[in-house]
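# Structural characterization, general
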Amino acid sequence: MENKIILDGKRVADTVKEKLQPRVEKLKEKGIVPCLATILVGNDPSSATYIRMKGNACKKIGIESKKIHLPEETTTEQLLQTISDLNADEQVHGILLQHPVPEHIDERLAFDTIAINKDVDGVTSTGFGETAFNFGRYPSCTPAAILQLIDFYQLPLEGKHAVVIGRSPILGKPVSMMLLNRNATVTTCHSKTIDLPTIVRQADIVVAAVGKPNFVQGDWIKEGAVVIDAGYNPGNIGDVDYEACSKNAGAITPVPGGIGPITISMLLNHTVKSAEESI
Ligand code: NAP
């Protein structure tokens, strides 16, 4: 495909972060340091890496990060108490509970304990509902990143057929709602979808959020389609077979350097916004 656009997530993320810097300075002049609290339960190495990356990103633009690391055997009640304490802490503007938590914990209950005004990762049921109704304060960060990328590159959405592969509460479902709110015609696919390739071949925009490396195949992509890979699998591998899908795609995100960096910038953006709204 001639004139293919490589959708550069780092460029989009840098643009978001540049705009955050003066807002953080302004808050500091008023004596407020935006603060993101991160909670990690257990010792999953990937989760620990994500938390570290988020902490470093906060530091770079002057956001404080308060890292809470709880042991694997933490009970649901203990986790809920930690979240409640952070809800009550006026110095904390955003709370991020790293997913997944150990299996014995009621993850949904834990997410829903996060105060809505500190739900900067859009994980609460209320936050999801608000996003679906199109007045979400802080939509889930990866879906927000996908929309940020689409807007940065001015990719048209209205009337376009968007096929989202995946329906998780933090990714596939909210991004489907957000695309629908922007007047795309949306098909959401999942593991029980019959004949996925035929559906994907109809897509003007493909969003891959499956959690399976190189899952989306080159011959599923319609000529000129926009391919957005939200996947992030071990070894920095996306959910899209990039080389094969690049052939037909009109625009495509790489992995790494696509949706990942923008997701972190959205988290920072939401934390700063929450600090601004706390005044
Ligand atoms: P998830 O909770 O495991 O959900 C995966 C979804 O894919 C499910 O809805 C599942 O369907 C669907 N699926 C699985 N196999 C399928 C198949 N053969 N055909 C069609 N659909 C299938 O994963 P997630 O948390 O949404 O994450 C998805 C991907 O995004 C992962 O690679 C993850 O690492 C990445 N991610 C990236 C970021 C970032 O910042 N870039 C953030 C979050 C997640 P069912 O519902 O039927 O099971």
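Everything numeric here is computed off the predicted structure, so don't read it as measured data.

The next subject is the side chain of T76. Topologically, T76 is positioned in helix 3 (residues 76–88). A relative accessible area of 11% means that T76 is categorised as buried. A distance of 3.1 Å separates a polar atom in the side chain of T76 from the backbone nitrogen of D106. In contact with T76, not counting residues within four places along its chain, are H104, I105, D106 and L109.

Negative phi characterises most residues that are not glycine, and trans characterises most peptide bonds. Residues H99 and P100 are joined by a peptide bond in cis, for which omega reads 0°. Along the polypeptide, P100 turns up in the loop between strand 4 (94–97) and helix 4 (107–113). Following V255, the chain continues to P256 via a peptide bond in cis, the omega torsion being 0°. With respect to the element layout, P256 can be found in the loop between strand 9 (251–252) and helix 10 (259–277). Phi angles above zero are rare outside glycine, and N183 is one such case at about 70°. Position of N183 relative to the elements: it lies in the loop between helix 7 (172–181) and strand 6 (185–189). The backbone phi angle of N214 is positive, close to 50°, even though this residue is not glycine. Examined against the element boundaries, N214 turns out to sit in the loop between strand 7 (205–208) and strand 8 (226–229).

As a further point, take the sheet that holds strand 1 (residues 5–6). Taken in spatial order, the six strands of this open sheet run 1-9-8-7-5-6, and their pairing is parallel. Among the strands making up the open sheet, the edge pair consists of strand 1 and strand 6. With two bridges joining them, strand 1 and strand 9 adopt parallel strand pairing. Within the sheet, the bridge partner assigned to I6 lies in strand 9 and is I252. Helix-sheet contacts for helix 7 involve strand 5 (161–165), strand 6 and strand 7, and the interaxial angle to strand 5 is about 170°.

We note that the domain assignment places domain 1 (31–116) and domain 2 (140–259) within the protein. A C-alpha centroid distance of 28 Å is found between domain 1 and domain 2.

This brings us to the nonpolar core. The nonpolar side chains of a soluble globular protein tend to be buried, and buried together. Of all hydrophobic cores here, the largest spans 48 residues; its most connected members are I146, L149, L179, V207 and I228. Here the element with the most residues in this core is helix 10; it accounts for eight residues. Residue contributions to this core reach at least three from each of two domains, namely domain 1 (31–116) and domain 2 (140–259).

We now examine the site of the ligand. Within the structure, the ligand sits among 22 residues, and R167, S168, S191, A230 and Y232 are positioned closest to it. Between the ligand and the protein, one listed contact pairs an oxygen atom with a backbone N or O atom of Y232 at 2.9 Å. Here T263 contributes a side-chain N or O atom positioned 3.3 Å from an oxygen atom of the ligand. Taken by itself the ligand offers 930 Å² of open surface, and the protein chains cover 71% of this.

Counting across every chain of the model gives eight salt bridges. Between D89 and K66 there is a salt bridge, with the nearest N and O atoms lying 3.7 Å from each other. In this pair, D89 is assigned in the loop between helix 3 and strand 4 and K66 in strand 3 (residues 64–70), connecting sequence segments 23 residues apart. D204 serves as the salt-bridge partner of K222, at 2.7 Å between the closest nitrogen and oxygen. On the criterion of sequence distance, the pair formed by K222 in the loop between strand 7 and strand 8 and D204 in the loop between helix 8 (196–200) and strand 7 is long-range, its members being 18 residues apart.

Moving on, we get to the packing of helix 1 (residues 9–29) against helix 6 (residues 141–152). Helices that pack against each other are described as a pair by the angle of their axes relative to one another and the distance between those axes. At a minimum axis distance of 10 Å, the contact between helix 1 and helix 6 shows a crossing angle of 95°. On the basis of the axis angle, helix 1 is roughly perpendicular to helix 6. Judged by residue contacts, R11, V12, T15 and V16 of helix 1 engage Q148, L149 and F152 from helix 6. Classifying every residue of the contact of helix 1 with helix 6 by side-chain character gives four nonpolar, two polar and one charged.

What counts, and at which threshold
Residues numbered from 1 in each chain as written. Predicted model: local features only at pLDDT ≥ 70, side-chain atom pairs only at ≥ 80, totals over all residues. Heavy atoms only, no water. Helix = DSSP H or I, 4+ residues; strand = E, 2+ residues; numbered from the N terminus. Buried < 20%, exposed > 50% of the residue type's maximum accessible area, 1.4 Å probe, protein only. Polar contact = N/O pair within 3.5 Å; in protein donor to acceptor, adjacent residues only side chain to side chain. Contact = heavy atoms within 4.5 Å. Pairing = 2+ DSSP bridges. Axes fitted to C-alpha atoms, helices over the stretch in contact; angles between N-to-C directions. Domains from an automatic or database assignment. Core = buried A, V, L, I, M, F, W, Y, C linked by side-chain atoms within 4.5 Å. Near = heavy atom within 4 Å. Areas by Shrake-Rupley, 256 points an atom, 1.4 Å probe, with all protein chains shown as cover. Salt bridge = Lys/Arg side-chain N within 4 Å of Asp/Glu carboxyl O. Parallel < 35°, antiparallel > 145°, perpendicular 65-115°, else oblique. Nonpolar A, V, L, I, M, F, W, Y, C, P; charged D, E, K, R; others polar.

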